[in-house]
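Residue strings, one per chain:
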Amino acid sequence: MSDHTSRPGQSYNGHTPQLPAAAPRAAATPAWVHTSAAPLQAALAGIGQGHIGPAATLWPTGQDSDAAQRAGRYIQQTARHPQRTRPALAAQAIDRYSRPGQTVFDPFVGCGTTVVEAVYAARRAIGVDIDPRWVELTERNLRYAHRHGATGAGWIEHHDARYLSPVPRRLRGVVDLVLATPPTRLEPSGYPARRWSNEDVVRQLETDLKLSLASWIPLLHPGTTIVLTTRLLHRAHQLLDLTVPIAYATEWAGLDFVERIAALRVPVRDVHHRPRPATRSRRRGRRPRVVHDDVLVYRVPDVLPTWWRGRR
C-alpha cells in the first residue's frame, strides 16, 4: 500500500501532487487614491485618511460663487487662472491665523488671491510664482486692490519656490503665516511637456513640496503657521487625495500638525431640503462630486529640527 494518499476523485501517479496555482494577488490600492463615494463625509469622519485624521471644522466658504466673491475686488482677467483659491477661504485663514501688521507669504501665488486678501486685511504680503504671466496678473490685482481701499503692503517676485536662497537679510524670520495651494506640477513656462501617470503626479508633488519647505526655512520663525490647501483631483479614472503627499512632506520637514478643516465650495443649504434622488441611469458612471477643499494647518515647532539650523 502506498504511503501517499490521494484526494477523492484524483488518481496518484507516483509523483508529488501538483498544488493548484495560487490566485494572483490584487495590487494594493495606493494611499493617495480616494475610494469613497462621498468625499465630504469621508473627510469629516476621517475614513481612510489616518495620515491626517478627520476634519475638525467646517468652513462655509462657498456661500457665494467664485465670481461673486471677486466682484469689485479683482480684475476680470483673474478668471483666466485655472486653479483659483476661493477668496473666502483665503480671508478666513488670514483672519484666523494672523493679525493686522503681520506678514503673509504665498510661494505659489497664481492669480494672487492670498496676497490680495492679505492686503485687504491690513497685512503685509509676499508672493512668489514661477510663471511670469501670473506674477504680472497678481501685480495688477494688487494695484487694483490698493485703488479700492486695501491698506496692506504687497510685494511680488518672479521666482521658483523650491530655490529661494539666498534670502535677503531683511526677510529672514519675518513670515508669520504661509498660506498656499501647492500645484500638482511646478514647472517653468516653456517646460517640455511629457505624459504624467497619476503616480508621477503624486510623487512629484511630494518632492516639490519638500524642496520648497527646505527653501522657505530662512523666512520662518518658531511659531510660524503654515496653511496648505488642496482638493481631490479627478484624473485618469482615479480620484487623487493630495493630502497624502502633503502630509508626507510636512512630516519629513518636522512641522507640527495642528488641525484639518473642510472648506465648502458649495452653499450650505436648508437642512430640510431633500435633493432629488438619483435614478439608476444617473448613478451609472457618475464620479464622486468634490464639494470641499482640504485645509491642512501646521506650525513651525519652538525647538527647530537640527537640520534646519544650517539653512538659517
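Now for a look at the structure at hand. In this text, all values refer to a predicted model and were calculated from it rather than measured experimentally.

A few words now on the side chain of glutamate 259. Within the element layout of this structure, glutamate 259 appears in strand E9 (residues 256-264). The class of glutamate 259 is buried, set by a relative accessible area of 13%. A polar contact of 3.3 Å, which involves the side chain of glutamate 259, links it to the side chain of arginine 96. Residue contacts for glutamate 259: discarding those within four places in its chain leaves Thr57, Arg96, Tyr97, Val295, Leu296 and Val297.

Another point: the pattern of salt bridges. Summed over all chains, the structure comprises 14 salt bridges. Between arginine 96 and glutamate 259 there is a salt bridge, with the nearest N and O atoms lying 3.3 Å from each other. Remark: glutamate 259 occurs in strand E9 and arginine 96 occurs in helix H3 (residues 87-97); sequence separation between them is 163 residues. For arginine 265, the salt bridge goes to aspartate 293, with nearest N and O atoms at 3.1 Å. Placement of arginine 265 in the loop between E9 and helix H8 (280-283) and of aspartate 293 in strand E10 (residues 292-299) is noted, with a sequence separation of 28 residues between them.

To continue, consider a positive patch on the surface. On the surface, Arg80, Arg140, Arg143 and Arg147 cluster together to form a positively charged patch. Mapping arginine 143 onto the fold places it in helix H5 (residues 132-147).

We now examine helix H7 (residues 243-253). In terms of burial, H7 is a largely internal element, eight of the eleven residues being buried. Among the residues of H7, those classed as buried are Thr243, Val244, Pro245, Ile246, Ala247, Ala249, Thr250 and Ala253. On its buried face, H7 is in contact with helix H6 (198-216), strand E6 (225-230) and E10. Glycine 254 lies just past H7 and shows a positive phi near 85°.

Turning to empty space enclosed by the protein, a few remarks are in order. Under the criterion given, the structure shown has one cavity of 30 Å³ or more. Empty space within the largest cavity amounts to approximately 30 Å³. Around the largest cavity, the lining residues are Phe108, Pro182, Pro183, Leu186, Leu205, Asp208, Leu209 and Ser212. Considered class by class, the residues forming the lining of the largest cavity number six nonpolar, one polar and one charged.

On to the pairing of strand E5 (residues 177-180), then. Where burial is concerned, the two faces of E5 agree: the one with Leu177 and Leu179 and the one with Val178 and Ala180 are both buried. By the bridge criterion, two bridges tie strand E2 (residues 103-106) to E5 in an arrangement that is parallel. Residue pairing in the sheet places valine 104 in a bridge with leucine 177 of E5. Across four bridges, E5 lies against E6 in parallel orientation. Within the sheet, the bridge partner assigned to valine 178 lies in E6 and is isoleucine 226.

A few words now on the sheet that holds E5. Read from one edge of the open sheet, eight strands run E1-E9-E10-E6-E5-E2-E3-E4, paired in mixed fashion. Looking at strand neighbours, the two that pair on one side only are strand E1 (57-59) and strand E4 (154-158), the edges of this open sheet. With strand direction ignored, the average angle separating the axes of adjacent strands in the sheet is 20°. Strand direction decides the pairing type here: E1 and E9, joined by three bridges, are parallel. Bridge pairing in E9 links leucine 58 to alanine 262. Running at roughly 170° to strand E3 (residues 124-129), helix H4 (residues 113-120) makes contact with E2, E3, E4 and E5 of the sheet.

Parameters at a glance
Residues numbered from 1 in each chain as written. Predicted model: local features only at pLDDT ≥ 70, side-chain atom pairs only at ≥ 80, totals over all residues. Heavy atoms only, no water. Helix = DSSP H or I, 4+ residues; strand = E, 2+ residues; numbered from the N terminus. Buried < 20%, exposed > 50% of the residue type's maximum accessible area, 1.4 Å probe, protein only. Polar contact = N/O pair within 3.5 Å; in protein donor to acceptor, adjacent residues only side chain to side chain. Contact = heavy atoms within 4.5 Å. Salt bridge = Lys/Arg side-chain N within 4 Å of Asp/Glu carboxyl O. Patch = residues over 30% accessible without salt bridge, like charges linked within 9 Å, V, L, I, M, F, W, Y side chains within 5 Å. Areas by Shrake-Rupley, 256 points an atom, 1.4 Å probe, with all protein chains shown as cover. Lys, Arg positive; Asp, Glu negative; His and termini not counted. Charge placed at Lys NZ, Arg CZ, Asp CG, Glu CD. 1 Å grid on protein atoms, 1.4 Å probe; cavity = no way out; pocket = protein on both sides within 12 Å on 5 of 7 lines; lining within 4 Å. Points joined across faces, edges and corners; volume = space filled by probe spheres on them. Nonpolar A, V, L, I, M, F, W, Y, C, P; charged D, E, K, R; others polar. Pairing = 2+ DSSP bridges. Axes fitted to C-alpha atoms, helices over the stretch in contact; angles between N-to-C directions.

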